Amino acid sequence: MDQARMNDLITASINLGGLSQDDIARIIQFRVFGNRRGFLLLENMPIGAVPDTPLSRDSINKKDVRSEMLLLQATALLGDPIGYIQESEGSLINNFFPHPSQARKMSSDSFDTELDLHTENAFHAVQPDYLVLLCLRQDPGEEAVTYVASIDNILDKLEPADIHYFAHEQYNFLSDYCKREKNCRIDINKRQPVLYGDIAAPYFRFDPYFMVASSHQAQTKLAMLRDLAWQAAEPLRLRAGNLLIIDNRKTAHARSAFSARFDGTDRWIQRTFAVCNRRFLVEKLGTRSQVFELVANL
Ligand SMILES: [Fe+2]
């Protein structure tokens, strides 16, 4: 979709996206004050008519745009929608469903990065502040579980000395952006601590598979933190019409494995990313573009 058409759709979504006044108030409340769990779940949202789950992005034939409008309305309440060139060619709305080619790979030794708790794009200088997920269709076996672990809940399990450690120890966050293959690990010299911001109520960045520790101690601490994050993780089974807003500065998320049938009934999720600092990004990068290549530093 070109920018002019996307802007028309965003405008229509703001005016008539389908959120009730109560939903709007809850989303603004979440943006302004946050909450301890680091997510907001709204149920029974109007998503319109959902065709059979496609098998490829090229075969998405979705005429009813109520779900896209709902997603964009929620996103606009949180900030500005952004995309990344490396994900769905920069599309502001990403569609997720099982692909037959991936199912074959799952049986080999490939690694699904969604399976472990992670903060989205932790290596990227343009990090999404929020992930907005809209479930169009639950998997028929109801196996798929989304997990959200908030730093507020993890901090309860950490000693003050460990909180201090994670606010200072520099881990090397690797990038998974490469053209030829998925799940590559590229060193972009992005050394940063796990906890940042106001140490009394810190932000969280975490992606163990893509983090390189500089010492045995740092590696051991990272493994401990991963265990604690999983202990704090809340399981959610998204159903059709569930809108899940995840605070990407305060949480890590993951998804379980689930089965696919490739018969039109598979799980289908739509997602956007929202940033709250668009003007800062325009100033630093000198472009209004909402679609980003790799930005290592600002
Ligand atoms: Fe993710």
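Here is a short report on the structure shown in this document. Only a predicted model underlies this, so the values are computations on that prediction, with no experimental measurement involved.

1. What to know about helix H7 (residues 216–232)
- If you check H7, its first and last C-alpha atoms are 25 Å apart, about what 17 residues at 1.5 Å a residue would give, namely 24 Å.
- Regarding H7, the residues found buried are Ala-218, Lys-221, Leu-222, Leu-225, Leu-228, Ala-229 and Ala-232. The arc that holds every buried residue of H7, seen down its axis, measures 125°, which confines them to one face. For H7, exposure combined with an orientation more than 90 degrees from the buried face picks out His-216 and Gln-231.

2. Comments concerning the sheet that holds strand S6 (residues 171–173)
- Reading across the sheet, the three strands line up as S7-S6-S10 and stay open at both edges, with antiparallel pairing between neighbours. Edge strands, defined here as strands with exactly one partner in the open sheet, are strand S7 (191–192) and strand S10 (211–212).
- Bridging between S6 and S10 involves two bridges; their strand directions are antiparallel. Bridging from a neighbouring strand, Phe-173 pairs with Met-211 of S10.

3. A look at the layout of surface pockets
- In this structure, the second largest pocket encloses a volume near 300 Å³.
- Residue lining of the second largest pocket: 17 residues in total, with Tyr-130, Tyr-203, Asp-247, Arg-249 and Lys-250 positioned closest to the centre.
- For the lining of the second largest pocket, the element with the most residues is helix H2 (residues 21–33), which contributes four residues.
- Grouping the amino acids of the lining of the second largest pocket by side-chain chemistry returns seven nonpolar, three polar and seven charged.

4. Looking at the sheet that holds strand S11 (residues 234–236)
- The three strands lie next to each other as S11-S5-S13, forming an open sheet whose pairing is antiparallel. At either end of the open sheet lies a strand with only one pairing partner, and these are S11 and strand S13 (251–255). Strand-to-strand twist in this sheet, taken as the mean axis angle between neighbours without regard to direction, amounts to 25°.
- When strand S5 (residues 146–150) meets S13, the two strands line up antiparallel, connected through five bridges. Residue pairing for S13: Val-148 is matched across the bridge by His-253.

5. A short note on the packing of H2 against helix H3 (residues 66–78)
- Viewed as axis vectors pointing N to C, H2 and H3 meet at an angle of 40°, and their least axial separation amounts to 9 Å. In terms of axis orientation, H2 runs oblique to H3. Between H2 and H3 lies a crossing of right-handed hand. Contacts from Ile-24, Ile-27, Ile-28 and Arg-31 of H2 reach H3 at Gln-73, Ala-74, Leu-77 and Leu-78.

What counts, and at which threshold
Residues numbered from 1 in each chain as written. Predicted model: local features only at pLDDT ≥ 70, side-chain atom pairs only at ≥ 80, totals over all residues. Heavy atoms only, no water. Helix = DSSP H or I, 4+ residues; strand = E, 2+ residues; numbered from the N terminus. Expected span 1.5 Å × (residues − 1). Buried < 20%, exposed > 50% of the residue type's maximum accessible area, 1.4 Å probe, protein only. Arc of directions from axis to C-beta. Pairing = 2+ DSSP bridges. 1 Å grid on protein atoms, 1.4 Å probe; cavity = no way out; pocket = protein on both sides within 12 Å on 5 of 7 lines; lining within 4 Å. Points joined across faces, edges and corners; volume = space filled by probe spheres on them. Nonpolar A, V, L, I, M, F, W, Y, C, P; charged D, E, K, R; others polar. Axes fitted to C-alpha atoms, helices over the stretch in contact; angles between N-to-C directions. Parallel < 35°, antiparallel > 145°, perpendicular 65-115°, else oblique. Left-handed = near helix turned anticlockwise from the far one by under 90°. Contact = heavy atoms within 4.5 Å.

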